[in-house]
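Residue strings, one per chain:
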Amino acid sequence: MRLLSFLFIVFAFLFLNVKCKTDKIQIVEETPRFIRGTVEPVFGTEKLNLDSTYTTLQGYDIQFSNLKFYLEDVKNDGATILESALFDYRENGTLLFREESTLITDGDFTGTLNANLGVGPNVNHLDPSAFDNASPLNILNANDMHWDWNPGYIFLKIEAKVDTIQDGVPLFNHNVVYHIGLDENLQIVEFQNIQWTKVGDESRVELIVDLNEFLNSPNIIDVKTESSSHSSAGQEALSAKVIANFSQALSPK
């Protein structure tokens, strides 16, 4: 009888001790972490502001009014970190994306960053209304970056006004319109030894796009004689030149 009483006391003590320790366990919620990408447009050594005047190497004064493009299937060292991002300089400034990520550790991303400049063929012709409402590819967010007449996305949109007469009179009556899409114009951009910086709960990557370089490298684009492409038949050469030049003008900051 004494043995049973002793065992009962021992078990009761152990039970209460374990319960007390269990009650002290606190569930720690992980703080959400984010990846953030920005693109700073410049014109040579100058910051590029929409509707401000810059001068091309050919001597034309130019005012950019629109700059938008897609990056899709964004990968860092082969791991997908972002499905898609839409850069809209007028609406969002330099912000390219800010997304919560489960891939961030206590360290920062490093290595190679690559993405589609545009939208890959496996995605380009899907129903734009079927994407999640938060997706940049959803038609409500894509808006004028999707063609109804030719199902698919506009990969790159650059619009500007140019003064082509060098007489000292500011007359910006020459329109420049580059709306580049179609599977054959897809470009892959790749940045080696990319550096991410950690700021608070974010890992950040900064890119830069030089629209002066865009007009001149690797091929010269004469905005007076090569002023319009909607990726239509007969515009293939200019479309290819525009998207190739832009991919070269985009680089790590």
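Above this text is the structure in question.
Residues numbered from 1 in each chain as written. Predicted model: local features only at pLDDT ≥ 70, side-chain atom pairs only at ≥ 80, totals over all residues. Heavy atoms only, no water.

Engineer: Requested: an account of the overall build of the chain, with residues and values cited.
Structural biologist: Scanning the chain from N- to C-terminus turns up 6 helices and 15 strands. In the chain, buried positions account for 43% of the 253 residues. Counting only contacts in the chain whose residues sit at least 6 apart along the sequence, the fraction spanning at least 24 positions is 71%. (Helix = DSSP H or I, 4+ residues; strand = E, 2+ residues; numbered from the N terminus. Buried < 20%, exposed > 50% of the residue type's maximum accessible area, 1.4 Å probe, protein only. Contact = heavy atoms within 4.5 Å.)

Engineer: Run through the layout of surface pockets, naming residues and quoting values.
Structural biologist: In this structure, the largest pocket encloses a volume near 330 Å³. Lining the largest pocket are 17 residues; nearest its centre among them are Leu86, Asn92, Ala134, Pro136 and Asn141. Of all the elements in the fold, those that place two or more residues in the lining of the largest pocket are β5 (79-88), β6 (95-100) and α4 (139-142). By residue class, the composition of the lining of the largest pocket is 9 nonpolar, 4 polar and 4 charged. Estimated volume of the second largest pocket: approximately 230 Å³. Counting residues per element, the ones that place at least two in the lining of the second largest pocket are β5 and β6. When its residues are assigned to classes, the lining of the second largest pocket shows 4 nonpolar, 3 polar and 3 charged. (1 Å grid on protein atoms, 1.4 Å probe; cavity = no way out; pocket = protein on both sides within 12 Å on 5 of 7 lines; lining within 4 Å. Points joined across faces, edges and corners; volume = space filled by probe spheres on them. Nonpolar A, V, L, I, M, F, W, Y, C, P; charged D, E, K, R; others polar.)

Engineer: Requested: an account of empty space enclosed by the protein, with residues and values cited.
Structural biologist: Tallied over the entire structure, the rule returns 1 cavity of 30 Å³ or more. By volume, the largest cavity is sized at about 30 Å³. Lining the largest cavity, in full, are Leu71, Val74, Leu96, Phe97, Leu113, Val205 and Leu207. Residue assignment for the lining of the largest cavity shows that the elements contributing at least two residues are β4 (61-76), β6 and β13 (202-210). Classifying every residue of the lining of the largest cavity gives 7 nonpolar, no polar and no charged.

Engineer: Before we move on, can you summarise the packing of aromatic side chains with the specific residues and values?
Structural biologist: Applying the stated criterion across every chain yields a total of 8 aromatic pairs. Look at Tyr178 and Phe214: their rings are 6.3 Å apart centre to centre, the planes differ by 70 degrees, and that puts the pair in the edge-to-face class. Here Tyr178 is found in strand β10 (residues 174-181), whereas its partner Phe214 is found in helix α5 (residues 211-214), with 36 residues between them in sequence. With a relative accessible area of 1%, Tyr178 lands in the buried category. What makes Phe214 buried here is its relative accessible area of 0%. Feature note: the residues Phe69, Phe87, Tyr89, Tyr178, Phe214 and Phe246 constitute an aromatic cluster, connected by ring pairs. (Phe/Tyr/Trp six-rings, centres within 6.5 Å; stacked < 30°, edge-to-face > 60°.)

Engineer: Summarise the pattern of salt bridges; cite the residues concerned and give the values.
Structural biologist: Per the counting criterion, the structure on display carries 11 salt bridges. Put simply, Glu40 and Lys253 hold a salt bridge, and the shortest N to O gap is 2.6 Å. Of this pair, Glu40 sits in strand β1 (residues 34-43) while Lys253 sits in the segment after β15 (250-252), and the two are 213 residues apart along the sequence. The closest approach of N and O atoms between Asp88 and Lys68, which form a salt bridge, is 3.6 Å. Of this pair, Asp88 sits in strand β5 while Lys68 sits in strand β4; the two residues are 20 residues apart in sequence, bridging distant segments of the chain. Accessibility assignment for this pair places Asp88 and Lys68 in one class, buried. Through salt bridges with shared partners, one network takes in Arg36, Arg98, Asp201, Glu202 and Arg204. (Salt bridge = Lys/Arg side-chain N within 4 Å of Asp/Glu carboxyl O.)

Engineer: Now, about the nonpolar core: what can you tell me, with residues and values included?
Structural biologist: In this structure, Phe64, Phe69, Tyr178, Trp196, Leu211, Phe214 and Phe246 are the most contacted members of the largest nonpolar core, which totals 62 residues. With sequence-adjacent residues up to four places away left out, Phe246 is seen in contact with Leu67, Phe69, Leu117, Leu156, Ile158, Val209, Leu211 and Phe214. (Core = buried A, V, L, I, M, F, W, Y, C linked by side-chain atoms within 4.5 Å.)

Engineer: Could you give an account of the pairing of β1, naming the residues involved and the relevant values?
Structural biologist: In terms of burial, β1 is a largely internal element, 8 of the 10 residues being buried. Bridging between β1 and β6 involves 5 bridges; their strand directions are antiparallel. Bridged to Arg36 within β6 is Arg98. Note: β1 against strand β2 (residues 46-47), 2 bridges, orientation antiparallel. For Phe43, the partnering residue across the bridge sits in β2 and is Glu46. The hairpin turn running from β1 into β2, its antiparallel successor, is 2 residues long, and Gly44 in that turn takes a positive phi close to 65 degrees. (Pairing = 2+ DSSP bridges.)

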